[in-house]
Amino acid sequence: MPRRTAKTKASKEVKLEEEEGQEIVQTEGPPTQNMKTKLEAFSFGSGPTTVVSKSTTTTTSTSTTKKRKRSESPPMNLLHTPAASISPRKAKVYKMELDEPHPPPANWELTYRAIEEMRKEKTAPVDSMGCHVPMLDARIDQQARRFITLVSLMLSAQTKDEVTHAAVQNLRATLRPEKDADPHKEYLTVPTVLATPVSTIESCINKVGFWRRKAQYIKSTAEILHREYEDDIPRSIEGLCALPGVGMKMAMLTMQTAWGDNVGIGVDVHVHRITNRLGWHYRGKKETKTPEETRLNLESWLPREFHPTINPLLVGFGQTVCMPVRPKCEECLLSSREFELEKEDGERVSVSGPLCPSAFKGSPTKGSRRPKTKESVKDEDRLDEEARLKVEIEE
């Protein structure tokens, strides 16, 4: 939605600042064009529109600037903004490594193996509905699989896997022709998205978070892929992050899942939350504040062979055991004083715990509160004391 306009006397050009950090410069057109309605601002098509970066200035020798209050309505010629020019954003800059690597946390390998052991016992939504699922469909060609994987990740932001999976399946079914459809052909492709009205895409994905904006992103992305990548997706972090609605996490997961390239770690809310609960980021401060900080820390010490697997491992663990609210610490091996693990050679070894400094610090699951006894109170006090000492030592 427009937030600021500036009108020059000479050229009568107007700047429209978009939410994505872009400015649209549009020359005032004929009266018939100026009578476009607000709904047409979301149509896809060509128009007299130029996208410039915020650092670029457009001035004339005789121009003066007049600011418009937020409460005022924008000029009518601003209401027609082709959606293809809305989505592109300024180039995103990401730091790719720490200046000083983070030291590996104590017992991280035992912790990792314990989580793998727990993941074998429970199936999580990510296992059957994650972004890797489209790549397993051998009925369709690789290029179509890669595009579906990218679309799945674009829809997954702020949305549960079950909802994302349903939206993708709905989109695939809707784009399939009612008559004469080839059962061995995939219709969620770049050409079909280009030929599909954005309103149809919206109706298919309206259960996901921010669905209107994501529909615009998908449409604009299809235009870019058709124009610059011959209907395929980029095979680089830079190319993927340049697409509207795609950030570092999505780019990393796309490279790993769609292309099979191990270029880094995709850090979402589950990876960010769980690694902080495990105390894997203690160094001068208690925790990392953003997923990007978490990614840089993990990539600096976690062996490269673990980079593709840590995301699905911790996402499933976060969906079944280490939830954001009321984690099931009573079911978690990491909160046990002693447990057994199976090594790669099949041998089982005894491990002394607890390995999680955050064990039993959250509220227990409803209905799972254990009766308080002298022994349980002593155990909880001991866990808190050991966790506190471990934090003090590592800090």
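Analysis parameters
Residues numbered from 1 in each chain as written. Predicted model: local features only at pLDDT ≥ 70, side-chain atom pairs only at ≥ 80, totals over all residues. Heavy atoms only, no water. Helix = DSSP H or I, 4+ residues; strand = E, 2+ residues; numbered from the N terminus. Buried < 20%, exposed > 50% of the residue type's maximum accessible area, 1.4 Å probe, protein only. Contact = heavy atoms within 4.5 Å. Areas by Shrake-Rupley, 256 points an atom, 1.4 Å probe, with all protein chains shown as cover. Core = buried A, V, L, I, M, F, W, Y, C linked by side-chain atoms within 4.5 Å. Phe/Tyr/Trp six-rings, centres within 6.5 Å; stacked < 30°, edge-to-face > 60°. pLDDT = per-residue confidence, 0-100. Polar contact = N/O pair within 3.5 Å; in protein donor to acceptor, adjacent residues only side chain to side chain. Axes fitted to C-alpha atoms, helices over the stretch in contact; angles between N-to-C directions. Parallel < 35°, antiparallel > 145°, perpendicular 65-115°, else oblique. Left-handed = near helix turned anticlockwise from the far one by under 90°. Nonpolar A, V, L, I, M, F, W, Y, C, P; charged D, E, K, R; others polar. Arc of directions from axis to C-beta. Salt bridge = Lys/Arg side-chain N within 4 Å of Asp/Glu carboxyl O. Expected span 1.5 Å × (residues − 1).

(A) Layout of the overall build of the protein chain. The helix and strand tally for the protein chain stands at 14 helices and five strands. Buried residues in the protein chain amount to 44% of all 395 residues. Contacts in the protein chain between residues far apart in sequence, at least 24 positions, make up 66% of those at least 6 positions apart. About 21400 Å² of surface is accessible on the protein chain, with carbon and sulfur atoms providing 52% of the total.

(B) Molecular detail of the nonpolar core. Counting residues in hydrophobic clusters, the biggest one holds 42 residues, and the most contacted among them are Leu150, Leu155, Leu188, Val193, Ile205, Ile218 and Val246. Looking at this core, the elements that each hand over two or more residues are helix 4 (142-156), helix 5 (161-175), helix 6 (190-194), helix 7 (198-205), helix 8 (211-228), helix 9 (237-241) and helix 10 (248-259). For this core, the element with the most residues is helix 10, which contributes eight residues. Setting aside its immediate chain neighbours within four residues, Val193 contacts Phe147, Leu175, Leu188, Ile201, Ile218, Lys219 and Ala222. The next biggest cluster of nonpolar side chains, apart from the first, holds 29 residues, and it includes Met118, Ile274, Leu278 and Leu334.

(C) Seen up close, the packing of aromatic side chains. Applying the stated criterion across every chain yields a total of five aromatic pairs. A ring pair is formed by Trp108 and Tyr112, whose centres lie 6.5 Å apart and whose planes are at 80 degrees; its orientation type is edge-to-face. Placement of both Trp108 and Tyr112 in helix 2 (residues 108-121) is noted, with a separation of four residues, approximately one turn of the helix. Both residues of the pair, Trp108 and Tyr112, belong to the buried class. Ring-pair connections join several aromatic residues into one group, and the members of that group are Trp108, Tyr112, Trp280, Trp301 and Phe306.

(D) Up close: the confidence of the model for the protein chain. Put simply, the protein chain has an average pLDDT of 76, and 67% of its residues get 70 or more. Counting contacts from residues 1-88, a segment whose pLDDT is below 50, to residues more than four positions away or on other chains yields 158 contacts. Ignoring residues within four places in sequence, the model shows residues 363-374, a span with pLDDT below 50, making 14 contacts including any to other chains.

(E) Spatial organisation of the environment of Arg172. Position of Arg172 relative to the elements: it lies in helix 5. Sequence separation between Arg172 and Tyr187 is 15 residues; the distance between their C-alpha atoms is 6.5 Å. The contacts of Arg172, once residues within four sequence positions are left out, are Asp137, Ile140, Ile148, Glu186 and Leu188. At a separation of 3.4 Å, a polar atom in the side chain of Arg172 contacts the side chain of Asp137.

(F) The packing of helix 5 against helix 7, seen in detail. Taken N-terminus to C-terminus, the directions of helix 5 and helix 7 make an angle of 140 degrees; their axes are 8 Å apart at the nearest point. One element, helix 5, and the other, helix 7, form an angle in the oblique class. Between helix 5 and helix 7 lies a crossing of right-handed hand. Facing Ala167, Asn170, Leu171 and Thr174 of helix 5, the residues of helix 7 in contact are Thr200, Ile201, Ser203, Cys204 and Ile205. For the contact of helix 5 with helix 7, the per-class residue count stands at five nonpolar, four polar and no charged.

(G) The side chain of Asn297, seen in detail. For Asn297, the location among the structural elements is in helix 12 (residues 291-301). For Asn297, a relative accessible area of 7% puts it in the buried group. With residues up to four places along the chain from it excluded, the contact list for Asn297 reads Leu98, His102, His281 and Thr288.

(H) Inspection of the side chain of Thr288 at higher detail. Checked against the element boundaries, Thr288 lands in the loop between helix 11 (269-277) and helix 12. Since its relative accessible area comes to 2%, Thr288 is described here as buried. Not counting residues within four places of it along the chain, the set of residues in contact with Thr288 comprises His272, Asn276, His281, Glu293, Thr294 and Asn297.

(I) A look at helix 7. Along helix 7, the residues that are buried comprise Val198, Ile201, Glu202, Cys204 and Ile205. One side of helix 7 carries all its buried residues, which in axial view fall inside an arc of 165 degrees.

(J) How the structure looks around unusual backbone geometry. Across the junction of Gly353 and Pro354, the peptide omega takes the value 0 degrees, indicating a cis bond. In this structure, Pro354 sits in the loop between strand 5 (348-352) and helix 14 (374-394). Despite not being glycine, Phe210 shows a phi value in the positive range, around 55 degrees. Within the element layout of this structure, Phe210 appears in the loop between helix 7 and helix 8. Positive phi is not limited to glycine here, since Phe360 has a value of about 60 degrees.

(K) Inspection of the pattern of salt bridges at higher detail. This structure, assessed with the given rule, holds 15 salt bridges. Counted as one network, the salt bridges with shared partners bring together Asp137, Arg139, Arg172 and Glu186.

(L) Looking closely at helix 4. An ideal rise of 1.5 Å per residue puts 21 Å on 15 residues; helix 4 measures up with 21 Å between its terminal C-alpha atoms. In terms of residue burial, helix 4 counts as a mostly covered element, since 13 of its 15 residues are buried. Backbone nitrogen of Gln143 and a side-chain oxygen of the N-cap are separated by 3.1 Å at the start of helix 4; the cap is Asp141. Just past helix 4, the residue Gln158 takes up positive phi, approximately 60 degrees.

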